[in-house]
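Structural characterization, general
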Amino acid sequence: MQQHLDGPTGPEKLINIQAAAEAIGAKYWQIQRLARAGRIPVYRAFNSRPLVKLSEVVAYVDACREGGADER
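A brief structural summary. (Residues numbered from 1 in each chain as written. Predicted model: local features only at pLDDT ≥ 70, side-chain atom pairs only at ≥ 80, totals over all residues. Heavy atoms only, no water.)

1. Some points on the packing of helix 1 (residues 17-24) against helix 3 (residues 54-63)
- Contact geometry of helix 1 with helix 3 gives a least axis separation of 10 Å together with a crossing angle of 50°. The angle between the axes of helix 1 and helix 3 places the two elements in the oblique class. Crossing angle aside, the handedness with which helix 1 passes helix 3 is right-handed. Contacts from Ala20, Ala23 and Ile24 in helix 1 reach Leu54, Val57, Val58 and Val61 in helix 3.
- Classifying every residue of the contact of helix 1 with helix 3 gives seven nonpolar, no polar and no charged. (Axes fitted to C-alpha atoms, helices over the stretch in contact; angles between N-to-C directions. Helix = DSSP H or I, 4+ residues; strand = E, 2+ residues; numbered from the N terminus. Parallel < 35°, antiparallel > 145°, perpendicular 65-115°, else oblique. Left-handed = near helix turned anticlockwise from the far one by under 90°. Contact = heavy atoms within 4.5 Å. Nonpolar A, V, L, I, M, F, W, Y, C, P; charged D, E, K, R; others polar.)

This is the structure in C-alpha cells:
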C-alpha cells in the first residue's frame, strides 16, 4: 500500500476556488480562470465542484512574479 503524504501531518486539504481566492486576496473569477485554462491543477472528488490546493495556487502566483527584491 502506497501513501501519498504532502507534509508531516498528512495530505494537504483541498479547498474550493472561493476559499483559495479569499486566502490570497484575489477575486473568485481570477482563480476560476486559471483553473479553466489549466494553469493550476484542479481536483474533482466524486464529481463535485472544482477543488484546488492552496500551495499550488500560491506557487503559480509566485512563479508569475516579475522583478522586485526578494525580502527575507
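Following the structure, the description resumes.
2. Quick look at a nonpolar patch on the surface
- A cluster of nonpolar side chains, Ile24, Val58 and Val61, forms an exposed patch at the surface whose accessible area comes to about 190 Å².
- Relative to the elements of secondary structure, valine 61 occurs in helix 3. (Patch = residues over 30% accessible without salt bridge, like charges linked within 9 Å, V, L, I, M, F, W, Y side chains within 5 Å. Areas by Shrake-Rupley, 256 points an atom, 1.4 Å probe, with all protein chains shown as cover. Salt bridge = Lys/Arg side-chain N within 4 Å of Asp/Glu carboxyl O.)

3. Some details on the nonpolar core
- If you look at the biggest cluster of nonpolar residues, it comprises nine residues: Ile17, Ala20, Ala21, Ile31, Leu34, Ala35, Ile40, Val52 and Val57.
- Of all the elements in the fold, those that place two or more residues in this core are helix 1 and helix 2 (28-36).
- Ignoring sequence-local partners within four residues, the contact set of isoleucine 40 consists of Ile31, Leu34, Ala35, Val52, Glu56, Val57 and Tyr60. (Core = buried A, V, L, I, M, F, W, Y, C linked by side-chain atoms within 4.5 Å. Buried < 20%, exposed > 50% of the residue type's maximum accessible area, 1.4 Å probe, protein only.)

4. A closer look at unusual backbone geometry
- Here the phi dihedral of phenylalanine 46 falls at roughly 55°; this positive angle occurs in a residue that is not glycine.
- Within the secondary structure, phenylalanine 46 is located in the loop between helix 2 and strand 2 (51-52).
- Judged by its relative accessible area of 84%, phenylalanine 46 is exposed.
- For asparagine 47, which is not glycine, the phi torsion reads 55° and is therefore positive.
- Following the sequence through the fold, asparagine 47 ends up in the loop between helix 2 and strand 2.

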